[in-house]
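Structural overview
Letter by letter, the chains look like this.
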Amino acid sequence: NELTIFSPATVANISCGFDVLGCCLDGIGDEMTIRKIPQKGIRISKITGMDLPLETENNVAGVAGLALLKKLKEDINFGFEIEIVKKIKPGSGIGSSAASAAGAVFAINHLLDKPFTELELIDFAREGERLACGFPITDNVAPALLGGFTLVKHDEPQKILKLPVLKDLFIVILHPQIEIKTSEARAILPIQVDLNLAVKQWANVGAFVHALHTQDELLFAASLHDYIVEPHRSKLIPGFEEIKDTALEQGALGCGISGSGPSIFSFCKGIQSAQNVKDKLEKIYRSKNIPFQIHISKINPVGI
Ligand code: HSE
């Protein structure tokens, strides 16, 4: 009647795959406890770690949970209470709202003996994202629920493809402690894109997917360029260009903006390479007088 889960942080976009690609991180995430209660509906009883709304309709976990309950075929005479130990800061770019929304629907589904598929859960969790940023974005909730690398195919209904993981891959996440609202980071993007840039970008997405299937590290690295979104959003992140140049010089396979920022991810092959990149980035960012956190993570292959 009660379940405690770890709901992971995620990296969306992954350079070339704006709104399409995502991956799940290991060891960075929130803790959530969900239990059945006699009152119907969803109640957010406690959030520790961050100051977030407790009203169900204003809370991403609450809204995602309600979306699930609405689709139940049979009426139930109980409800759910959610407690969140929030560790992922909202506005950090590593899927804070997605972790809460995905965690809520995963646990509720489990406590109801799994009436819904993973794809249906992703759809409910997207409603939390709609509340958080105005768009029902899928590229964080999909890897949070499925793990590994995911690709969102934007059909109606959406399809989610789970991609293989490159062996021995580590991610360094540098999180400058400034907040970037996804809605604002979306508002600065151009509505139309140059066809020549679009051609390069979709070639990169194809190459990225092929690289994962063939375990081609060089192609993986070569595909991690964003011609369309990063040039606009990087201006919101102090020191981005220097960090990216340094990470690549130190041997990172790729470096880019995590989600809508400000977190910056660097993919590295092997723990030693990740440690070198981390040490160097830490040194550089210390001189910027902006508080930050830096972590090394692996890819979580299974999600919640
Ligand atoms: N793909 C989204 C964006 C992810 O970059 O706006 C943010 O949650």
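Each value, and the rule that gives it
Residues numbered from 1 in each chain as written. Predicted model: local features only at pLDDT ≥ 70, side-chain atom pairs only at ≥ 80, totals over all residues. UniProt positions renumbered as here; feature names shortened; annotations may be inferred. Helix = DSSP H or I, 4+ residues; strand = E, 2+ residues; numbered from the N terminus. Contact = placed C-beta atoms within 7 Å. Buried ≥ 20, exposed ≤ 12 C-beta atoms within 10 Å, placed from the backbone. Pairing = 2+ DSSP bridges. Core = buried A, V, L, I, M, F, W, Y, C linked by C-beta atoms within 7 Å. Near = placed C-beta within 6 Å. Nonpolar A, V, L, I, M, F, W, Y, C, P; charged D, E, K, R; others polar. Expected span 1.5 Å × (residues − 1). Axes fitted to C-alpha atoms, helices over the stretch in contact; angles between N-to-C directions.

You'll find the chain entered in an unreviewed UniProt entry as Homoserine kinase, with Namhaeicola litoreus given as the organism. One UniProt comment on the chain, placed under Subcellular location (unreviewed entry), says "Cytoplasm". Taken verbatim from the UniProt record of the chain, the Pathway (unreviewed entry) comment is "Amino-acid biosynthesis; L-threonine biosynthesis; L-threonine from L-aspartate: step 4/5."

**Some words on the environment of Gly251**
Mapped onto the secondary structure, Gly251 falls in the loop between helix H9 (240-249) and strand E8 (254-257). Separated by 16 residues in sequence, Gly251 and Phe267 place their C-alpha atoms 9.3 Å apart. Once you skip the residues sitting within four places of it in the chain, Gly251 turns out to touch Ser273 and Asn276.

**Considerations on the UniProt feature "domain: GHMP kinase N-terminal" (unreviewed entry) in the chain**
Here the UniProt feature "domain: GHMP kinase N-terminal" (unreviewed entry) sits at residues 68-148. The span residues 68-148 carries 51% helix and 9% strand; its end-to-end C-alpha distance comes to 24 Å.

**Overview of the pairing of strand E5 (residues 149-153)**
When you tally the buried positions in E5, you get four out of five residues, the bulk of the element. The pairing of strand E2 (residues 21-37) with E5 spans three bridges and is antiparallel. What sits directly across from Leu21, in E5, is Leu151. Pairing of E5 with strand E6 (residues 159-163), which is carried by five bridges, proceeds in the antiparallel orientation. From the neighbouring strand, Val152 faces E6, where its bridge partner is Ile160. Here E5 hands over to E6 after five residues, the two strands then running antiparallel side by side.

**A look at the nonpolar core**
If you look at the biggest cluster of nonpolar residues, it comprises 80 residues, and the most contacted ones within it are Ala64, Ala101, Ala102, Ala104, Val105, Ala125 and Leu145. The dominant element in this core, judged by the number of residues it contributes, is helix H2 (residues 96-111), at nine residues. In this structure, Ala102 is in contact with Ser7, Ala125, Val141, Ala144, Leu145 and Ile304, ignoring residues within four places of it in sequence.

**Quick look at the site of the ligand**
Ala12, Asn13, Phe18, Asp19, Ile137, Asp139, Asn140, Thr182, Ala185, Arg186, Gly259 and Ser260 make up every residue found near the ligand. Tallying contributions element by element places helix H5 (residues 182-187) first for the shell around the ligand, with three residues. When the residues that make up the shell around the ligand are grouped by side-chain class, the tally is four nonpolar, five polar and three charged.

**A short note on the environment of Ile37**
Position of Ile37 among the secondary structure elements: in strand E2. A tally of 15 C-beta atoms within 10 Å means that Ile37 is categorised as partly exposed. The sequence separation of Ile37 and Glu2 amounts to 35 residues, and the corresponding C-alpha distance is 9.6 Å. Once you skip the residues sitting within four places of it in the chain, Ile37 turns out to touch Arg43, Phe78, Gly79, Phe80 and Glu81.

**Regarding helix H3 (residues 118-133)**
When the terminal C-alpha atoms of H3 are compared, their 23 Å separation across 16 residues agrees well with the 22 Å that a helix rising 1.5 Å per residue should span. Here H3 has its buried residues at Leu121, Ile122, Asp123, Phe124, Ala125, Arg126, Glu127, Gly128, Glu129 and Ala132. Against helix H1 (60-70), H2, helix H4 (141-146), E6 and H5 lie the buried residues of H3.

**Here we look at helix H10 (residues 271-286)**
For H10, which comprises 16 residues, the first-to-last C-alpha distance of 22 Å matches the rise-based estimate of 22 Å (1.5 Å per residue) to within 8%. Contacts from the buried residues of H10 go to strand E7 (169-176), H9, strand E9 (264-269) and strand E10 (292-298).

**Here's the deal with the sheet that holds E9**
Read across the sheet, four strands follow the order E8-E9-E7-E10 without closing on themselves; strand pairing throughout is antiparallel. On the outer flanks of this sheet lie E8 and E10, each paired with one strand and no other. Recorded for the sheet is a direction-independent mean angle of 20° between the axes of neighbouring strands. Sheet analysis places E7 next to E9, joined by six bridges and oriented antiparallel. The residue bridging Ile173 from the neighbouring strand is Phe265, located in E9. Contacting E7, E9 and E10, H10 runs over the sheet at an angle of about 15° to E7.

**Quick notes on the UniProt feature "domain: GHMP kinase C-terminal" (unreviewed entry) in the chain**
Those residues carrying the UniProt feature "domain: GHMP kinase C-terminal" (unreviewed entry) are residues 209-285 in this numbering. Here residues 209-285 runs as 55% helix and 13% strand, with 32 Å between its end C-alpha atoms.

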